[in-house]
Each structure stands twice: as C-alpha cells, then as structure tokens.
Amino acid sequence: MSKIPAPIDVTQLPEWKALQDHYDRLQAEGISLKDWFAADPDRVAKLSFDTSDLHFDLSKNLITDETVKLLADLGRAVGLEERRAAMYRGDHINTTEDRAVLHTALRRPASEAGTLIVDGQDTVADVNEVLDKMYAFAERVRSGEWKGVTGKAIENVVSIGIGGSDLGPVMVYEGLRPYLDGPAVRFVSNIDPNDVAEKVKGLDPETTLVIVVSKTFTTLETITNAKMARWWLLDALRKAGAIDDSAEKEAEAIAKHFVAVSTNLKLVADFGIDPENAFGFWSWVGGRYSVDSAVGLALILAFGKDVFQDFLKGFYDMDRTFETEPLEENVVALMGLINVWYVNFFKAESHAVLPYVQYLHRFAAYLQQLTMESNGKQVRWDGSPVTTETGEIFWGEAGTNGQHAFYQLIHQGTRMIPADFIGFVNSANPIQCEGADVHELFLGNFLAQTKALAFGKTADEVRAEGTPEEIVPARVFTGNRPTTSIFGVSLTPHALGELIALYEHITFVEGTVWGLDSYDQWGVELGKQLAKQITPAFHDDEALAAQDASTKALIEFYRANRA
Ligand code: F6P
C-alpha cells in the first residue's frame, strides 16, 4: 500500500490560474453557445461520447476545446489518475477513517479472484462468496422453498434501513420495476413511527420477510424500526394464534422472518437474527456506495439473480471506462471536471438532475446522499482548510413534473444551474394514445428544454411574434444555460448500473480536485449525539434545564401541547 500524498492546494497551481484566465477571456469575449455551434460544425461530434448503454452529449455545456484541454490538465496536475489508481488498488484513501475505498471491488467478477488482495483480504473472492450466498437465499425465497413460521411462502418483503442502506435500494427498486417478478418490497427508513406503521399496513406477517439493513447495526432509526417490526410481527402472529408465547416459538418466528445485512455480524446475532441469515460486507464499502453489495439483497429478492448480475456488469463497465480512457476523452472525468468549472469559476451553487423516465423518480434523492455526504466538506483529507468552494447542492425531479414547477428559475432566474438531463430511447410502456406515441411526446420535452436552455430566445425573436413591447423583456430567454444530455437505449439493469457508477466517479473526481476525503461523513455525527442528549428533555426536568434557551422553549411548547 502506498502512502497517501498530501492534498494539493488546487488554487495555487498554474493549471488553475490558466483556467481562471481562460474563464476571464471567455467572459470578456462573450459566451454564446449559438455562436460556438455556428462556428464549429464538429462541436457535437467532438463533445459526444458513448459507453456500452449510454450516449452522452456534452456540447450544450459552456466549454470549448480549450476548456476541455485545461480541465484535463488540471485533473493531471492534482494527481487524478494516481488517486484513481490508489482507490482501485485499495490504498487507504479514506484517511480520516484509515480505510480503503473499494466499491469498485463489489462488481469484479469471480474470475478476478486473487487479483485484489487488500490488507490481507482477497476482496473479490469474498465479494463473490457473499453474492453466491445471497443468490442461493433469494432463490429459496422466490421459489417458495423458504417458508415462514406457519409454513407459508414469502409474498412481501419489508426492507428497513436509512441513508445508504435505503436510498440506493429504493431508487433501484423503483428504477427497475418493469423487471419485478418476485416478492414486492416496501422500504422503511424514517424513525417517524408513521413510516413503519403505514408500511406494514395490510401485510400478512405469515408471508412477510423483514430485512434489516445497517452497515453499523447501531443506527438509531434502523434499530428502532427493526424493533417495531419485530414487535408487529410477533404480536400479529400471536393474535392470529399462529405462534404461542414461548421463547422458542418467538425465536423460530424471528429466524424465519428476519434477515440482516451488515458489517457488524455480532450485533446482528445480539438482535436475535440467525448469523446463517446475515449477509456481510466490509468497512471499505461506504454506505452511499453500497447498493451493489449485500445492501442490494431486496433487489435480488425482487428481480432475481440475472437482473442483479447485469446490474453489476453495468457498474463494472463504467469502472473500466473511467479507469482506462485518457482524461480528454474520459466522459466520466470530464463530467466531474466540468462540474468543478461551474462551481469554482461560474460560482454555480446547485446542480439539477432531471431524469425523463418516471421509474427514476428517486434518483435525485439517491444522488443527494452520494454527492453531498461525500463532498460537503470544509477541510481536506489532511485536515487543512479548503481554499475553494466545495460540494454542490444536487436536486431534481423526474420530467416533465419539474417543468411545471421549478424550471422557470432554471430558464430565467439569476443563478446558473447546470443540469443533467437523462432519458431513454425505449420506454418499458410504449403506449400509443389517439395516434400519438406518448413516449415521443415525453422525449420531445427533454430535447425542447435543453434547446431552450442552450439557445434561448432574443428580444427580436419575441418581438417578431407580435409581443407588446412592455412584455418583451419578461419573455426573453438568455440561453447559455448549461446542460448535459444522457440518452440511453433502455433503462435496463445494466444501464442503471452504468449510471450509478458514473455519478460515483463524478463525485470522486470533484472530491479529488478539492482535496477532500469523499468517503467520511463526520458532519452527520453532532446531530446524532445531540439527539441523544435532547430526547430525555421531553419528559425529564433536569435534562430540560440543561438545554439552550431556544431548545428549551420548543420543548416547553411540546409539553404544553402534547395530547
Ligand atoms: O447518518 C449518516 C450515515 O452514517 C450514512 O452515511 C449511512 O448511509 C447511514 O447513516 C446509515 O448507516 P448504517 O447503514 O450504518 O445504518
């Protein structure tokens, strides 16, 4: 394992200065996508890229040939290629937790066993051993061989987890719904008791399997929800006369209806879940990078082994693209570097991700954890303060709903909001309605929005439509609002794997330029600690007296109004 080099202050590099000069020059000359397209008939071809399932058009970004070259130079100057190699080979690039970062090992095929030994562990062999255990378990459940405590097959799954132990599985479950041919899955994450209460409504405990997913197995929300689910299951089985009060029968019910996914198999056993029914992963898989680990167990139950294998292959193929393409032609690296260009030079603060596919309606929520928990940092990986803005606020909504909500601000607001539009050529539901191909109506909107954002509408064009002069300014679109178009063939498991790996690596690229440890998340800890301290104050006067004035007043309001 190589020593992790100190992060570089990117703002002190000549390559950064060159980008600043370039930015100033472009601003002085005037940025005009319309002119750039007119001047260079090859612009689209030069800025288009293909991976196995996805086609990328970067031409509507505020970049020129020179920008691409300067961004690639910057990537080389910060050691992007070396750090990428360090990540892939298992160096402890997560410095604050002294851990390797090996989500890329999760998708390496069994044939690569023995090629990635990290800290004495044959990572690929271990990954594939757990996968085989998951596939075997899922097959037993899906075929009906696995029976609940009363001898009935499993029809529904409740998956309990939060953050990385929830957002990825939910997003993919929704994303691949057309492939659903196993038990339906409901996901519980929030500690708000309404969540678990609503999710178990209507379920028959005799045919329900609960998966408790928690990397640490200590997360308050998940353990509390798991306890509530355990109570619900045992209580309902008892009331139905399916089990008696004996400890043996309860243990049997838990063994048949609860399984776990965790790195902490000891705590899983303490909870009462049979270690035989626990699926492990490792400290080198970050929660938000774990959907393709055992954390994806619910997905194998829902979709089966073949779908999950295609999904993993999609990740693997994108890993290879990122690993092997030279920076100037590496769409993954370029998308990350272009984000840096917008954040640090154009001062963009947020980034919209707009999937024109309803099945990806949870994609933005998933990306929020991936990107913001990774790069929302104020110090670099050696603890020194950053010298640039870091992170981006990721947000979005499945199209066209967003068009009727917030697109106004993207088109005509005062802030620049770079946006990624994601669409697929083929719909899982190719419906014709009164002679119209509805999918084409949908995709027409995708293309119309990116066109309007790029090329806008001038005052003269507005006037030519007969608009009264006093309304002309309100109807002008400045254009030059950057977008990336990602157009896939179909939203297959493979394409979704590619898409997720793409954003994982974009996040890595940005973090590397900013010198961040993108794999820790200390910023979530203080709130967790304080919640433990504050909660007793709802009913304990001594704890209440110890609170600050604002917290105290809010708890007094609670006490006065609690029904
Ligand atoms: O609160 C943040 C966090 O630690 C995430 O990073 C993680 O994905 C989530 O909590 C859940 O953690 P666990 O899987 O250990 O329950």
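Owing to the predicted nature of the structure, the values given are computational and were not obtained by experimental measurement.

Quick notes on the rules
Residues numbered from 1 in each chain as written. Predicted model: local features only at pLDDT ≥ 70, side-chain atom pairs only at ≥ 80, totals over all residues. Heavy atoms only, no water. Core = buried A, V, L, I, M, F, W, Y, C linked by side-chain atoms within 4.5 Å. Buried < 20%, exposed > 50% of the residue type's maximum accessible area, 1.4 Å probe, protein only. Domains from an automatic or database assignment. Contact = heavy atoms within 4.5 Å. Buried area = accessible area lost by both parts, 1.4 Å probe. Salt bridge = Lys/Arg side-chain N within 4 Å of Asp/Glu carboxyl O. Polar contact = N/O pair within 3.5 Å; in protein donor to acceptor, adjacent residues only side chain to side chain. Helix = DSSP H or I, 4+ residues; strand = E, 2+ residues; numbered from the N terminus. Nonpolar A, V, L, I, M, F, W, Y, C, P; charged D, E, K, R; others polar. Expected span 1.5 Å × (residues − 1). 1 Å grid on protein atoms, 1.4 Å probe; cavity = no way out; pocket = protein on both sides within 12 Å on 5 of 7 lines; lining within 4 Å. Points joined across faces, edges and corners; volume = space filled by probe spheres on them. Phe/Tyr/Trp six-rings, centres within 6.5 Å; stacked < 30°, edge-to-face > 60°. Lys NZ or Arg CZ within 6 Å of the ring centre and 35° of its normal. Pairing = 2+ DSSP bridges. Axes fitted to C-alpha atoms, helices over the stretch in contact; angles between N-to-C directions.

A. Molecular detail of the nonpolar core. Counting residues in each nonpolar core, the largest one holds 129 residues, and the members touching the most others are Phe56, Trp341, Phe363, Leu496, Leu499, Leu502 and Tyr503. The two domains that each donate at least three residues to this core are domain 1 (10-77 + 325-514) and domain 2 (103-305). Setting aside residues no more than four positions away along its own chain, Phe363 makes contact with Met171, Val353, Pro355, Ile422, Leu499 and Tyr503. Counting residues in hydrophobic clusters, the runner-up holds 26 residues, among them Leu203, Phe217, Trp232 and Ile273.

B. Representation of the domain arrangement of the protein in the model. Each assigned domain of the protein is listed here: domain 1 (10-77 + 325-514) and domain 2 (103-305). Distance between the C-alpha centres of domain 1 and domain 2: 36 Å. Across the domain 1 to domain 2 interface the summed buried area is about 1,700 Å²; carbon plus sulfur atoms make up 64%. Seen at the junction of domain 1 and domain 2, the total is two salt bridges. Residue Arg107 is joined to Glu504 by a salt bridge in which the shortest nitrogen-to-oxygen separation is 2.7 Å. Across the domain 1-domain 2 interface, the total number found is seven residue pairs in polar contact (both at pLDDT 80 or more). Of all the secondary-structure elements, those providing two or more residues to the side of domain 1 that touches domain 2 are helix H15 (363-375) and helix H19 (493-514). Taken together, the residues of the side of domain 1 that touches domain 2 break down into twelve nonpolar, six polar and four charged.

C. Seen up close, helix H9 (residues 220-239). The end-to-end C-alpha distance of H9 is 28 Å, a good match for the 28 Å that 20 residues give at a rise of 1.5 Å each. Turning to H9, its buried residues are Thr222, Ile223, Asn225, Ala226, Ala229, Trp232, Leu233, Leu234, Asp235 and Leu237. Looking one or two places after H9, you find Gly241, whose phi comes out positive at around 75°.

D. Structural detail: the layout of surface pockets. Of the volumes computed, that of the largest pocket is approximately 1,100 Å³. Along the walls of the largest pocket sit 39 residues, with Thr216, Thr219, Val524, Glu525 and Lys528 positioned nearest its centre. Listed by contribution, the elements that provide at least two residues to the lining of the largest pocket are H9, H15 and helix H20 (525-534). Among the elements that line the lining of the largest pocket, the one with the most residues is H20, at five residues. Its residues assigned to classes, the lining of the largest pocket comprises twelve nonpolar, 18 polar and nine charged.

E. The packing of aromatic side chains, seen in detail. Counted by the stated rule, this structure contains 29 aromatic pairs. Consider the rings of Tyr407 and Phe421, whose centres lie 6.3 Å apart with planes at 80°: the pair is edge-to-face. Here Phe421 lies in strand S12 (residues 419-426) and Tyr407 lies in helix H16 (residues 407-412), a separation of 14 residues in the sequence. Of the two residues examined, Tyr407 and Phe421, each falls in the buried class. The ring of Trp381 is capped by Arg83, whose NZ or CZ atom sits 3.7 Å from the centre of that ring. Sitting over the face of the ring of Tyr316, Arg320 holds its NZ or CZ atom 4.5 Å from the ring centroid.

F. Examining the sheet that holds S12 more closely. One open sheet accounts for six strands, arranged S1-S2-S15-S12-S10-S11; its pairing is mixed. Of all the strands in the sheet, the pair left with one neighbour each is strand S1 (48-50) and strand S11 (393-396). Each neighbouring strand pair of the sheet contributes to a mean axis angle of 20°, computed without reference to strand direction. When strand S10 (residues 350-356) meets S11, the two strands line up parallel, connected through four bridges. Bridge pairing in S11 links Ala352 to Trp395.

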